[in-house]
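Next come the chains, spelled out residue by residue.
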Amino acid sequence: MASRQAACEPCRKSKLACDHDRPVCNRCRSSNKDERCIYRNAPFKRRRTEGPRESITNINYLYHTTPTTRSPTATPPNRYPNPGYVGSSSHFAIFDHIPPAPDIPGTSSQEEAATTFPTAARTQPEDELLLHRGAESLRNLFDAFPFPSMKELVRVWLAKGANLSLTGGIIQHCVNAIDLPVPMTSDDWHLLNAKLLLTNSARPWELRSTTTFFEFLALFTNNNIRWEMLGIFLAAVTRAAIDTLFFPSLYASDETRYTLRRLCTRACDYALELSLSLDCLNDLQVFLQYENWILHTHVYGDQSYSSWRKLGDLISSIYALGYHEKLLDGNRGPPCFVAEMRKAVFARAYSGDKNVAIFVGRPPRMNKHFCHFQVPSCSPSSDVWLLSDYRLGQGSGSHVCDWDPDTKASFMAESRWTALCATLKENLLYLHREYSGDTVTFRGKAAEIKLRADKQFRLLPSHFQHCGSLRARGQGLDRFEGDFLGAVRLNHLHVVFLLQLLQLDSPAQPDPPIIEVAEEIVLIVVDLILLRDRLVNSGTSLVWKIAYYGLPAAGILLLAMLNRRSSPALQHLTILAAELQAGSIIQPRDPNYDLMAKATHALQSFIDSAVSETMQTNNILRPTDPMLDEWPGFTNSLPMDFEIGFWESLADHPLLNLNGSSGGTGLE
């Protein structure tokens, strides 16, 4: 006689037949309820109606804690929200006028309290279903993919020179010290691990100015591993899987690799949601929020609403912790390496906010006028910022543009440079919105931005001031430095490109200055594509560089040549279209695919026409066509709109006639 099997929760509540398939039954799979398909541990056991339920904290004592180290009494839930940082206009500021009580021996001083944000943390989330979903995400992931193999994948990825842009220093020191607290030997191992991780995440986050780097790591590794650290590790696994096409101990096909990415991303999301549900915001949670946002851009796309919301949540946490104000250093604040990471996460979120706002055409959410703008310091050594005896250099105030001439390429240097460029992009957004009708003021402010952009580039260390082709530099660059130099130059050129773009009467009529900038942008992007097997991500992916820098520049060059302007960039546009069609850069299941497909179709159609007899006559692309004078062009488009709508409008150009063509590209 077959044993009785329990239905999953959605089928049980709906009183429908369940096929008991795990991890997701067919009924839930067909109705897109994968995340809700949960099987109870004791489905046929009647629940007790009397007596207190055992708390998560009490369960934790069965494992790695003792009554001498922690009281067995569970901490009651904190019903008042954690206020975090509150500014001078808040109701809380009234109490600053009350004289402080005299110091009592044995109590911590005000300076010591400034290094952390003490809160009465919850011991469990308000919604217990969230904990069960997080546990199920662990079971689905680790039942399909071995944890040791994931750690080995990350090690191999790190050995190539790749890393996470913010928490890379943590990952490379912690990959060997990350493991599940409870072995996967019992039926409910996933639930026990979820509860223990949550209990660790609820512990107060205490930092002192004398905390060393390895004491800092001990707060969230080995027996103290928290949901936050597990989430950061899973973000590294996903990024490694994106960059590593074949890893036999985990996957040998694209389908399995996509499954690993999907399961890791889901578990990382739950790790973040569970840690935030405790309402005890801390540094590690914000670092996870940043890596989770970047993860979503890689998995779901830079234009997806999910990524946009994740960025907004990150910015909210930065404001809540006061990272937008002048950060304490020295003996008054946290250890120097934590202060640098706080500056780095602010800088990367600030620059990401401006770049995404331009990319998707939405308002930015971080305003430098309400922030004490500061960027991380850069030492001649790329890793010295992780050492506890490191002393801060010039990184804030009026010296944000100062660089040590011996600075090496690093994620910190990239964070610093991209934030400096983002300040100019914010000025460009205000310039377009506030002064577009005032010609004199507009041109004066535009000239000022151009001077600042050129000055910032000249103040870079001389070995960062690359211009022209990357391939011409030869073999002298390492994998990280080559991508870094390309990214630095692209960010500077992008500021100039946007500035020139705003001064055009219409994007459909590009002038020689913007064409010159666009040609160098396309040249660098094509070099990065051709050198991609010898480069590693220095802060932004190759797909982002193509979509954000390369496609707008290619669009301007295409419009210029359609307006019978000759350009030496036709060869580079041909390479760009061919590489995108080949499918080695982006696949139909990858994010940003639709934008790439539209752009590639337009580029290839133009190239096919350009090499035909009707498009080339004595170096003139096409004889004067009266239809061009009547084409409305981009009369209804925004100056900085190079999303899918731009390429769809370009399809109506009389010389391309893309909408009526029957041919396709390799991306379709």
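Source: prediction; values computed, not measured. (Residues numbered from 1 in each chain as written. Predicted model: local features only at pLDDT ≥ 70, side-chain atom pairs only at ≥ 80, totals over all residues. Heavy atoms only, no water.)

Here we come to the confidence of the model for the protein. Across the protein, the average pLDDT comes to 79, with 72% of residues at or above 70. Contacts from residues 618-631, a stretch scored under 50 in pLDDT, to residues over four places away or in other chains number 27 contacts. (pLDDT = per-residue confidence, 0-100. Contact = heavy atoms within 4.5 Å.)

As a further point, take unusual backbone geometry. In this structure, N222 takes a positive phi of about 55 degrees despite not being glycine. Phi angles above zero are rare outside glycine, and D279 is one such case at about 60 degrees.

A few words now on the packing of helix α17 (residues 479-502) against helix α19 (residues 542-562). At their nearest, the axes of α17 and α19 sit 11 Å apart, and the two run at 45 degrees to each other. Judged by the inter-axis angle, α17 sits oblique to α19. Both α17 and α19 take part in a crossing whose hand is left-handed. Only K545, Y548, Y549, P552, A553 and I556 of α19 make contact with α17, whose side of the interface consists of D483, A487, L490, N491, H494, F497 and L501. Considering only residue class, the contact of α17 with α19 consists of 9 nonpolar, 2 polar and 2 charged. (Axes fitted to C-alpha atoms, helices over the stretch in contact; angles between N-to-C directions. Helix = DSSP H or I, 4+ residues; strand = E, 2+ residues; numbered from the N terminus. Parallel < 35°, antiparallel > 145°, perpendicular 65-115°, else oblique. Left-handed = near helix turned anticlockwise from the far one by under 90°. Nonpolar A, V, L, I, M, F, W, Y, C, P; charged D, E, K, R; others polar.)

The next thing to look at is the side chain of S317. Inspection of the secondary structure assignment puts S317 in helix α13 (residues 305-321). Judged by relative accessible area, which is 8%, S317 ranks as buried. What S317 contacts, discounting residues up to four positions off in sequence, is L281, V286 and Q289. (Buried < 20%, exposed > 50% of the residue type's maximum accessible area, 1.4 Å probe, protein only.)

What follows is about the packing of helix α10 (residues 227-243) against helix α12 (residues 283-299). The relative placement of two packed helices is expressed as an angle between their axes plus a distance between the axes. Viewed as axis vectors pointing N to C, α10 and α12 meet at an angle of 25 degrees, and their least axial separation amounts to 9 Å. Considering their axes alone, α10 and α12 lie roughly parallel with respect to each other. With respect to the hand of their crossing, α10 and α12 are arranged in left-handed fashion. Seen from α10, the contacting residues are W227, E228, M229, G231, I232, A235, T238, R239 and I242; seen from α12, they are L284, Q285, F287, L288, E291, I294, L295, H298 and V299. Classifying every residue of the contact of α10 with α12 gives 11 nonpolar, 4 polar and 3 charged.

Here the focus is the pattern of salt bridges. Close approach of charged atoms allows side chains with opposite charge to pair. On inspection of all chains with the given rule, the structure shows 18 salt bridges. In this structure, R309 engages D313 in a salt bridge whose closest nitrogen and oxygen atoms are separated by 3.6 Å. Of this pair, R309 and D313 both sit in helix α13, 4 residues apart, roughly one helical turn. Classification of D313 by relative accessible area gives partly exposed; the value is 32%. Across the salt bridge formed by R489 and E520, the nearest N and O atoms sit 2.9 Å from each other. (Salt bridge = Lys/Arg side-chain N within 4 Å of Asp/Glu carboxyl O.)

Before going further, it helps to spend a moment on the environment of W157. Along the chain, the position of W157 falls in helix α6 (residues 147-159). C-alpha of W157 to C-alpha of A240: the two residues are 83 residues apart in sequence and 5.7 Å apart in space. Contact partners of W157, with chain neighbours within four places excluded, come to A162, N163, L164, A236, R239, A240, D243 and T244.

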